[in-house]
Amino acid sequence: MERSEMIVENHQISYRNVASKYYNFVPEEIDLAFADFDQILSNNGFHIQDTMFFSIISDPTAPVMTAEIFRSIEESNVSDLKAAEDVNFRSYFSVNRMLMTRITNEFDAQSQEKYWELVEHLQKNNFNQSSPIFVEYKRSHSGTVYAEMSVGVR
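Basis of the calculations
Residues numbered from 1 in each chain as written. Predicted model: local features only at pLDDT ≥ 70, side-chain atom pairs only at ≥ 80, totals over all residues. Heavy atoms only, no water. Phe/Tyr/Trp six-rings, centres within 6.5 Å; stacked < 30°, edge-to-face > 60°. Helix = DSSP H or I, 4+ residues; strand = E, 2+ residues; numbered from the N terminus. Buried < 20%, exposed > 50% of the residue type's maximum accessible area, 1.4 Å probe, protein only.

What follows deals with the packing of aromatic side chains. Using the criterion set out here, one finds 13 aromatic pairs in the structure. Measuring from ring centre to ring centre gives 6.1 Å for Phe 70 and Phe 134, while their planes differ by 40 degrees; the resulting arrangement is tilted. One end of the pair, Phe 70, is in strand S3 (residues 65–73); the other, Phe 134, is in strand S5 (residues 129–139), and 64 residues separate them in sequence. Accessibility expressed as a relative area gives 1% for Phe 70, which makes it buried. For Phe 134, a relative accessible area of 4% gives the class buried. Each member of the aromatic cluster is reached from another via a ring pair, and the members are Tyr 15, Phe 53, Phe 70, Phe 93 and Phe 134.

Right, dumping it as structure tokens:
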């Protein structure tokens, strides 16, 4: 079976007013981490925008993953957020000079394959990784949900 590799170079991600929090979870429970973070933000009066993405801090093949989950919010200040919630805030978040590939269906099955495609592209082109792996959930104009997996390079 031949792989359909599509890697886009010079990709960039950038967002304004981004809240984030670190989580440890087994991959099957990533939705619980997303829901927990949304609940923390909502309980503290913040208005979540549609944008959600996360970075994989640990080895993506590890049985327990460490990830930083990011949410764009309408507010430009989180000083009222309880310190105990351990939420970070950036008024502007940007990573440029990235490699990106798209996951269009079967997210669980394709995510491992797409991860290894990025790694192979890094090695084949003598790039050095300059960021963790990022996964952004997006929606097309027709409403189709997909994900972009990207990594910063130098």
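Next, the rest of the story.
For residues other than glycine, phi is negative in most cases, and the peptide bonds are mostly trans. One non-glycine residue, Glu 106, lies in positive phi territory at about 45 degrees. Note that Glu 106 resides in the loop between strand S4 (88–103) and helix H2 (107–124). Positive phi values are uncommon outside glycine, yet Asn 126 reaches one of about 55 degrees. Residue placement: Asn 126 occurs in the loop between H2 and S5. For Asn 126, a relative accessible area of 67% gives the class exposed.

Just distances and angles here, no functional claims.
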